[in-house]
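The primary structure of each chain is shown beneath.
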Amino acid sequence: MIKRILIAITLLLLLVKPFIWAQSEDSSQRPNQVNYETAQTYEIGGIEVVGAVHTDAKGIVAISGLLVGEAIRIPSDQLSKAIRKIWKQGLFVDVGINIQKQVGDIVFLEIKVQEYPRFARHAYKGIPKGQHDDANAATRRYLHKGKAATPAMKKQAISALKELYVEKGFLEVSIEVEEEEDAIFKNAVRWIFNIKKGKRVRIEKINFHGLKKVKKGKLYRSMKETKRNNIWALLKPSKFIKEAYETDKQHLIAYYNEIGNRDAKIIKDSVYLVQKKNRKVLHIDLHIDEGNTYRFGDITFKGNTTYSDRILHNIMGIKKGDVYNSSLMNTRLEFDRNGRDIKTLYMDNGYLFFRADPIEKGVNGDSIDLEIRMVEGPIATIGKVTITGNSRTSEHVIRRELRTLPGNKFSRSDLIRSQRELIALNYFNPESLQINTPVNIEKGTVDIEYVVEEKVSDQIELSAGWGGSTVFGTVGLKLTNFSLRQFLKPETWSPLPAGDGQTLSFRIQTNGPAYQSYNFSFTEPWLGGKKPNSLTLSAYYSNFSNGYTPESSALERFQVAGVTLGWGTRLNFPDDFFVYQASVNYKKMDLLRWGDLNISSGTYHNLSFSQTLSRNSIDNPIFPTKGSNIALTLSLTLPYSLFSNQSTSDYTSMTEAQKYKMVEYHKWDFISEWYGQLAKNFVVKLGLKAGFLGYYNPNIGLTPFDRYELGGNGISNPQTIQGKDVISLRGYDVGHLAANANGAAIYNKFSVEFRYLISPNPSAMIWVLAFAEAGNVWSDFKNYNPFNLKRSAGLGIRVFLPAFGTLGFDYGLGFDKPGLDGVKDITKYGTFNIVLGVEPK
């Protein structure tokens, strides 16, 4: 009873606290004294705020809800409510409301506040400087200079720091905050976060209980983030993150559902610390009820009028008796990444409003019968197609790549393909590309809006590399979105004529006075503007000499000048990923005592015709994650010697300049690359390349030009001016693998590369890679052995900068370098390659 009386008295004192302040004042200063024994109504004559230095006084009055001129009853809870409203702002140490004076039935109020000090700055103790940036990133949203340094602000910052270190594996982290007056600002404080991380706690064991149908290894792998501290912890650290752990429990149950145990559940689980000799480790116990294993029974379709049951069953690919897998069923209904699902089948035919609902009709023993109830809906057509965000690229350049045309039936595949084509242009940021599809159900139409964000696609090429002991540099300008139409309109330049999707490039390569190469190229990808027929014109000139003057008898020189005219078109068969390209190429070569080719001085002419059939379905031109790139190229000249009446003895007496005056050959090149995503940002690339150089007349044999070299980085090499194709084989320099002095007639190369994307930022994409390659060259078919390969492996890094292209390096170990048998020094097998500008071919 006494306890209840004390509580009542306390509540009464709290209620009348503001008025006690008012009563303590000298009553002689007020004309009338407020009577607190009986409640009376007064008019508020004025409100004054005292103690507010940083906080706006008018704002405090507004928050209180008290207004001058309004009536107020005293005593009542009106003043208490006003105090609570101000207090809830969290800006004040203390809040009170006093009655300054009373004049008749008018009272004048004083809101008295004591502000928290302002937050000025903070520092850290207990962690190295290298971790300060991470700590600042964690507390940035809570610590604001000039704001009230409230306990809530401090608590939020501590929680953010603890969360940061718990995610790093420091489960026993403790944080204390030292507060001191700031030396610069008045009524401001400086907080020092004293962080005691403790020792990192790793997950030592994950114990599964109740397993009868599943091996624990399967369950370990189903948990994506929560891993044990073993050898695999190098790939996925064994730290405990509560949110990730909860998600992994769902993954575990999802795995059971995939193998038919749809009733599986986690009965209980526990996470606890275990003390070892010098450290603590984490153990996790998971008790699982696996439930029964179910299988698919009869699957029937209801509501389908467009496609027969047979077609739908073929798309589903699920047979009676298969293990019940709800995830697979949903994938085949509407979520398959490769488009093998029923919803894609319907949506590609205009059924935008299609819906398929699987209903379990019954369970017979371990079999589940399903009825797929389908709502086909009306066929939707495409209404308006709008494009926004293209501040640089002309709208017609974008529209010609789209497969979604107004009036056509809606097709999800066409929408996805249009997205791919826009990304392939490399004019827009793929991360911010949006496709909005507002639907008009009444009209049965869907509008499509493509929202793009322009990015820099033009490149300043700065390439460097070396072949042998010589360094070569390249400077070039590549305009990938050039506009010849606006060239004569300087007022439209920004800063150069752009927007029509044409490509214009200039390139200079040199190693000084001994070697210079000049290249020009122009490509119109849509000749005429109506069909994807491309036209390419290029010209080049290269000069290589020993540096002696023309007057010197020791001068050695090799000069090449050429021009190429090419045409290409997109095919519709077998599918529209195929492209056919044809070109005519003329090259003139002047040699003066050029010993590297072992042929006499003279002028040689090469008029060739090239045809390429290619298919490119990669999803991103910079960092592909899926798709393939396949190309077969045939280059050939006319068989000039077959038209002559020369005998075998005639060819024997001919000089090289006479025999190869008109170069003749046929050349076959094949390239195949495949990309697959193993995990998020983790991609594997498989590659195969091969080439063969043949001849028409055995009396002439192989041309000394247009042969193959294998090794180096495949770029920035003077061998290219000799007509040789330099194919990269990391771990070997050019010359390590040589069929003969003039080059090889046959080569093949196999490669596998694992890539991990560190930074997807389109302004500076960064990825690391590990590679293994094997290849070799041969002088002719007689010596060809596809299994006699030179192996290499290594690591590399790439940085793609839109204005400069690909920058990076590779370090490869050539395991079969000639002359190193028995050498134990691993560095002798290594070769370092710089990649600046373009990827090795």
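Everything numeric in this text was worked out from a predicted model, so none of it was measured. Numbering of residues starts from 1 in every chain and runs along the sequence as written. Only residues with pLDDT of at least 70 get local features here, since the model is predicted, and only at 80 or more are side-chain atom pairs given and counted; chain-wide, interface and lining totals rely on the full set of residues. Hydrogens and water are ignored here; the side-chain numbers use all heavy atoms of the structure.

A few words on the overall build of the protein chain. Where helices and strands are cited, they refer to DSSP runs of H or I of at least four residues and of E of at least two residues respectively, numbered from the N terminus. Scanning the protein chain from N- to C-terminus turns up 14 helices and 35 strands. Each residue is placed in one exposure class: buried if its accessible area under a 1.4 Å probe, protein chains only, is under 20% of its type's maximum, exposed if it is over 50%, and partly exposed if it falls in between. Counting the 841 residues in the protein chain, one finds 42% classified as buried. Computed with a 1.4 Å probe, the accessible areas rest on the Shrake-Rupley method; for each residue, only the protein chains presented here act as cover. Within the structure as shown, the protein chain displays about 43,700 Å² of accessible surface, and the carbon and sulfur contribution to it stands at 56%.

This part is about the packing of helix α2 (residues 57–64) against helix α3 (residues 78–87). The axes are straight lines fitted to the C-alpha atoms, using for helices just the contacting stretch, and the angles between their N-to-C directions are given from 0 to 180°. At a closest axis distance of 8 Å, the pairing of α2 and α3 adopts a crossing angle of 125°. Between α2 and α3, the crossing angle belongs to the class labelled oblique. Crossing angle aside, the handedness with which α2 passes α3 is right-handed. Contacts from Ile60, Ile63 and Ser64 of α2 reach α3 at Ala82, Lys85 and Ile86. Note on angle classes: values under 35 degrees are labelled roughly parallel, values over 145 roughly antiparallel, values of 65 to 115 roughly perpendicular, and the remainder oblique. Crossings are classed by handedness, with left-handed meaning an anticlockwise turn of the near helix from the far one by less than a right angle and right-handed meaning a clockwise turn. Between two residues, a contact is recorded if the distance between any of their heavy atoms is within 4.5 Å.

Looking now at the sheet that holds strand β11 (residues 295–302). Pairing between the strands of a sheet is mediated by backbone hydrogen bonds and can be parallel or antiparallel. Strands were regarded as paired on the criterion that DSSP finds at least two bridges between them. With respect to topology, three strands assemble into an open sheet ordered β11-β13-β12, the strand pairing being mixed. Across the chains shown, the open sheet's two edge strands, defined by having one partner strand only, are β11 and β12 (355–364). Strand-to-strand twist in this sheet, taken as the mean axis angle between neighbours without regard to direction, amounts to 25°. As defined by bridge partners, β11 adjoins strand β13 (residues 367–375) across six bridges and the pair is classed as parallel. Counterpart to Phe301 in the pairing with β13 is Ile372. Those strands touched by helix α8 (residues 309–316) are β11 and β13, and its axis lies near 140° from that of β11. Relative to the sheet, helix α9 (residues 326–335) contacts β11, β12 and β13, its axis offset from that of β12 by approximately 150°.

Next up on the list: the sheet that holds strand β4 (residues 106–115). With mixed pairing, the four strands of this open sheet are ordered in space as β2-β1-β4-β3. Strand pairing shows two members of the sheet lacking a second neighbour, β2 (71–74) and β3 (92–103), which therefore form its edges. Each strand axis lies, on average, 45° off the axis of its neighbour in the sheet, ignoring direction. As paired strands, strand β1 (residues 40–50) and β2 are joined by four bridges and run antiparallel to one another. Looking at β2, one finds that Tyr42 is bridged to Ile72. Most of the contacts of α3 go to β3, to which it runs at about 145°, and overall it touches β2, β3 and β4.

The next thing to look at is a nonpolar patch on the surface. Judged by side-chain polarity, Leu527, Leu535, Leu537, Val563, Leu565, Val584, Tyr586, Phe609, Leu638, Leu642 and Phe643 come together as a nonpolar surface patch covering roughly 920 Å² of accessible area. If you list the elements that add at least two residues to the nonpolar patch, you get β22 (533–545), β23 (557–570) and β24 (578–592). Secondary-structure assignment places Phe609 in strand β25 (residues 602–616). On the basis of relative accessibility, which here comes to 33%, the residue Phe609 falls in the partly exposed class. Two distance rules govern patches: like charges are joined within 9 Å, and nonpolar side chains (Val, Leu, Ile, Met, Phe, Trp, Tyr) within 5 Å, applied only to residues with over 30% relative accessible area and no salt bridge. Definition used for salt bridges: Asp or Glu carboxyl oxygen within 4 Å of a side-chain nitrogen of Lys or Arg.

In this section: the pairing of strand β26 (residues 627–637). Two strands pair when backbone bridges link them, and β25 and β26 are joined in this way by nine bridges, in the antiparallel orientation. Within the sheet, the bridge partner assigned to Arg615 lies in β26 and is Ile630. Two strands pair when backbone bridges link them, and β26 and strand β27 (residues 666–679) are joined in this way by 10 bridges, in the antiparallel orientation. Directly across from Leu634, in β27, lies its bridge partner Trp668.

What follows deals with the packing of aromatic side chains. Here is the rule: rings of Phe, Tyr and Trp (six-membered ring for Trp) pair when centre to centre is within 6.5 Å. Planes less than 30 degrees apart are stacked, more than 60 are edge-to-face, and the remainder are tilted. Enumeration according to the criterion identifies 28 aromatic pairs in this entry. Look at Phe240 and Tyr245: their rings are 5.3 Å apart centre to centre, the planes differ by 50°, and that puts the pair in the tilted class. There is no split in this pair, since Phe240 and Tyr245 are both buried. Ring geometry for Tyr518 versus Tyr541: centroids 6.4 Å apart, planes at 15°, classification stacked. Of the two residues, Tyr518 is situated in strand β21 (residues 515–524) and Tyr541 in strand β22; the sequence distance between them amounts to 23 residues. Classification of Tyr541 as partly exposed rests on a relative accessible area of 32%.

A cis amide bond links Phe573 with the next residue in sequence, Pro574, at an omega value of 0°. Assignment of secondary structure puts Pro574 in the loop between β23 and β24. Although it is not a glycine, Asn187 adopts a positive phi angle of roughly 50°. Along the chain, Asn187 turns up in the loop between β6 (174–181) and β7 (188–196). Backbone geometry at Asn681 places phi at a positive 70°, although glycine is not the residue there. Here Asn681 shows up in the loop between β27 and β28 (682–694). Take Asn681: its relative accessible area is 24%, and that puts it in the partly exposed class.

Okay, the pattern of salt bridges next. This structure, assessed with the given rule, holds 38 salt bridges. In this structure, Arg570 and Glu401 form a salt bridge, with 3.7 Å as the shortest nitrogen-oxygen distance. A residue pair is termed long-range when its members are at least 10 positions apart, and Arg570 in strand β23 and Glu401 in the loop between α11 (395–399) and α12 (412–425) qualify at 169 residues. Residue Glu673 is joined to Lys685 by a salt bridge in which the shortest nitrogen-to-oxygen separation is 3.6 Å.

With 17 residues, helix α5 (residues 151–167) extends 24 Å from end C-alpha to end C-alpha; this agrees with the ideal 24 Å at 1.5 Å per step. Those residues of α5 lying buried are Met153, Ala157, Ile158, Ala160, Leu161, Leu164 and Tyr165. Looking down the long axis of α5, one finds its buried residues gathered within 160° of arc, a one-sided arrangement. Residues of α5 that are buried make contact with β5 (118–125), α4 (132–139), β6 and β7. Positive phi shows up at Gly169, right after α5, with a value of about 100°. Multiply 1.5 Å by the residue count of a helix minus one, and that product is the helix's expected span. Taken from the helix axis, the directions to the C-beta atoms give the arc we talk about.

Secondary-structure assignment places Gly562 in strand β23. Classification of Gly562 as buried rests on a relative accessible area of 10%. Residues Gly562 and Ser538, spaced 24 residues apart in sequence, show a C-alpha to C-alpha distance of 8.4 Å. Look past the residues within four positions of Gly562 in its chain and what remains in contact with it is Ser538, Ala539, Tyr540, Tyr586 and Lys587.

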